[in-house]
Amino acid sequence: MQVISAARAEWIFPFTGLQPAQFRRLVRLVAERGGDAIADGRPGRQWALDLPDRVLLVAAYWRTNLTMRQIGPLFGVSHSAAHRVIDTVGPLLALAPVRRRPVDQIAIVDGTLIPTRDHRLAAPSKNYRYSTNLQVAIDASTRMVIAVGDPQPGNRNDTIVYRTSGIDQKLDGRPVMADGGYRGNPDVIIPYRKPSDGSPLSEWKEDLNAQHRTIRAQVEHALARMKCWKILRDYRRAARTLTHTASGIAHLHNIALAG
């Protein structure tokens, strides 16, 4: 028996963070990306759920971080069927790359640690857990996520991960702001550091640093909103799937933020 269904509008917001109209637009986008083309599932078998319910299952899984044996019965399917739905529909929710942008559009980048059970990629980090370092960039004017890097071991600092995750290439050609942890990346605007002799910064540099902190705080707020999808607080799936998951959550975050 199916408990949760996209046919009942009252289930959509609690399990996706989206309004029903936003969710319907998301389903249409997934269909345009080929969601209907894979509706037959494995050869000889039909999906037990229609496309809206499959999209809802993926979003609900990301939102609640329930196990497969918990999320499956809520939608009236087996845990293996739930796993297949997440594997096939999840990548179709990914954030689309930004094709056109103003030359002076400012991006803000920051990294966050995602506790990850897959130790093939995760590493012991400063949060005392095996984690991966996920780089996220937002647009300073709209606060929407515009790029997500490939997760890297959590024991690497942001300076290195910024270059190895591929996010530097996605942000190429635009000004990028970041905190002092990105020292060593000449293409990133960071705050002024105190002189090595211990003397204080000049007043105008202190003022610029204060403005920098105010603007850069937006990316920290975006990361906090993304972690409302609880799967980013304890990632139990294979680490190779984290890129699609983080990109999909960034997409849902943008839809919810746009209203």
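Residues numbered from 1 in each chain as written. Predicted model: local features only at pLDDT ≥ 70, side-chain atom pairs only at ≥ 80, totals over all residues. Heavy atoms only, no water.

Let's talk about the overall build of the protein
Here comes step 1: Counting its regular elements, the protein contains nine helices and seven strands.
Here comes step 2: Overall, the protein is about 70 × 40 × 30 Å in size when its C-alpha atoms are taken along their principal axes.
Here comes step 3: The contacts of the protein with a sequence gap of at least 6 include a subset with a gap of at least 24, amounting to 61%.
Here comes step 4: As displayed, the protein offers around 13,300 Å² of accessible surface, 53% of which is attributable to carbon and sulfur atoms. (Helix = DSSP H or I, 4+ residues; strand = E, 2+ residues; numbered from the N terminus. Contact = heavy atoms within 4.5 Å. Areas by Shrake-Rupley, 256 points an atom, 1.4 Å probe, with all protein chains shown as cover.)

Some remarks on the nonpolar core
Here comes step 1: Within the largest apolar cluster, 54 residues are counted, with the highest numbers of intra-cluster contacts made by Val-55, Leu-57, Trp-62, Ile-71, Phe-75 and Val-145.
Here comes step 2: If you tally residues by element for this core, the top one is helix H3 (residues 51–64), at nine residues.
Here comes step 3: Among residues more than four places away in sequence, those in contact with Leu-57 are Leu-49, Ile-71, Phe-75, Val-77, Ala-82, Val-85 and Ile-86.
Here comes step 4: Among the nonpolar cores identified, the runner-up in size contains 12 residues, and Ile-146, Tyr-162, Ile-167 and Val-188 belong to it. (Core = buried A, V, L, I, M, F, W, Y, C linked by side-chain atoms within 4.5 Å. Buried < 20%, exposed > 50% of the residue type's maximum accessible area, 1.4 Å probe, protein only.)

Observations concerning the pairing of strand E4 (residues 145–148)
Successive side chains on a regular strand alternate, one facing one side of the sheet and the next facing the other.
Here comes step 1: Where strand E3 (residues 130–139) meets E4, three bridges bridge the pair, whose relative direction is antiparallel. Bridged to Ile-138 within E4 is Val-145.
Here comes step 2: Taken together, E3 and the strand that follows it, E4, pair antiparallel across an intervening segment of five residues, in which Arg-143 is found at a positive phi of about 65 degrees. (Pairing = 2+ DSSP bridges.)

Side note on the environment of Asn-157
Here comes step 1: Looking at where Asn-157 falls in the secondary structure, it is placed in the loop between strand E5 (152–153) and helix H6 (158–164).
Here comes step 2: Judged by its relative accessible area of 41%, Asn-157 is partly exposed.
Here comes step 3: Separated by 25 residues in sequence, Asn-157 and Tyr-182 place their C-alpha atoms 8.3 Å apart.
Here comes step 4: Polar side-chain contacts of Asn-157 include one of 3.2 Å to the backbone nitrogen of Thr-159. (Polar contact = N/O pair within 3.5 Å; in protein donor to acceptor, adjacent residues only side chain to side chain.)

As for the packing of aromatic side chains
Here comes step 1: Summed over all chains, the structure comprises three aromatic pairs.
Here comes step 2: Relative to Phe-15, the ring of Trp-11 has its centre 5.8 Å away and its plane inclined at 40 degrees; by these criteria the two rings are tilted.
Here comes step 3: On the basis of relative accessibility, which here comes to 24%, the residue Trp-11 falls in the partly exposed class.
Here comes step 4: Their ring planes at 90 degrees and their centres at 5.8 Å tell us that Tyr-162 and Tyr-182 sit as a pair that is edge-to-face. Taken together, the positions of Tyr-162 in helix H6 and Tyr-182 in the loop between strand E6 (176–177) and strand E7 (188–189) put the pair 20 residues apart, joining distant regions of the chain. In this structure, Tyr-162 and Tyr-182 share a single accessibility class: buried.
Here comes step 5: Geometry around Trp-229 places Arg-63 over its ring, the cationic atom sitting 4.6 Å from the centre. (Phe/Tyr/Trp six-rings, centres within 6.5 Å; stacked < 30°, edge-to-face > 60°. Lys NZ or Arg CZ within 6 Å of the ring centre and 35° of its normal.)

As for the pattern of salt bridges
Here comes step 1: Summed over the entire model, instances satisfying the criterion amount to seven salt bridges.
Here comes step 2: Linking Glu-10 and Arg-8 is a salt bridge whose minimum nitrogen-to-oxygen distance equals 2.8 Å.
Here comes step 3: A relative accessible area of 48% places Glu-10 in the partly exposed class.
Here comes step 4: Here Arg-216 makes a salt bridge to Glu-220, at a shortest N to O gap of 2.9 Å. Taken together, the residues Arg-216 and Glu-220, both in helix H8 (residues 203–226) and four residues apart, mark about one turn of the helix.
Here comes step 5: According to the relative accessible area criterion, Glu-220 is partly exposed, its value standing at 39%.
Here comes step 6: Overlapping salt bridges bring together Arg-117, Arg-129 and Asp-234 as one network. (Salt bridge = Lys/Arg side-chain N within 4 Å of Asp/Glu carboxyl O.)

Quick notes on helix H9 (residues 242–258)
Here comes step 1: Its 17 residues place the ends of H9 24 Å apart at the C-alpha level, agreeing with the 24 Å of an ideal helix rising 1.5 Å per residue.
Here comes step 2: Among the 17 residues that make up H9, 12 are buried, leaving the element largely enclosed by the rest of the structure.
Here comes step 3: Turning to H9, its buried residues are Leu-242, Thr-245, Ala-246, Ser-247, Gly-248, Ile-249, Ala-250, His-251, Leu-252, His-253, Asn-254 and Ile-255.
Here comes step 4: Of the surrounding elements, those touching the buried residues of H9 are helix H2 (20–35), H3, strand E1 (107–115), E3, E4 and H8. (Expected span 1.5 Å × (residues − 1).)

Here's the deal with unusual backbone geometry
Here comes step 1: At Asn-65, a position not held by glycine, the phi torsion is positive, near 60 degrees.
Here comes step 2: Within the secondary structure, Asn-65 is located in the loop between H3 and helix H4 (68–74).
Here comes step 3: Despite not being glycine, Arg-143 has its phi angle at roughly 65 degrees, a positive value.
Here comes step 4: Inspection of the secondary structure assignment puts Arg-143 in the loop between E3 and E4.

So yeah, pure geometry; function would need other evidence.
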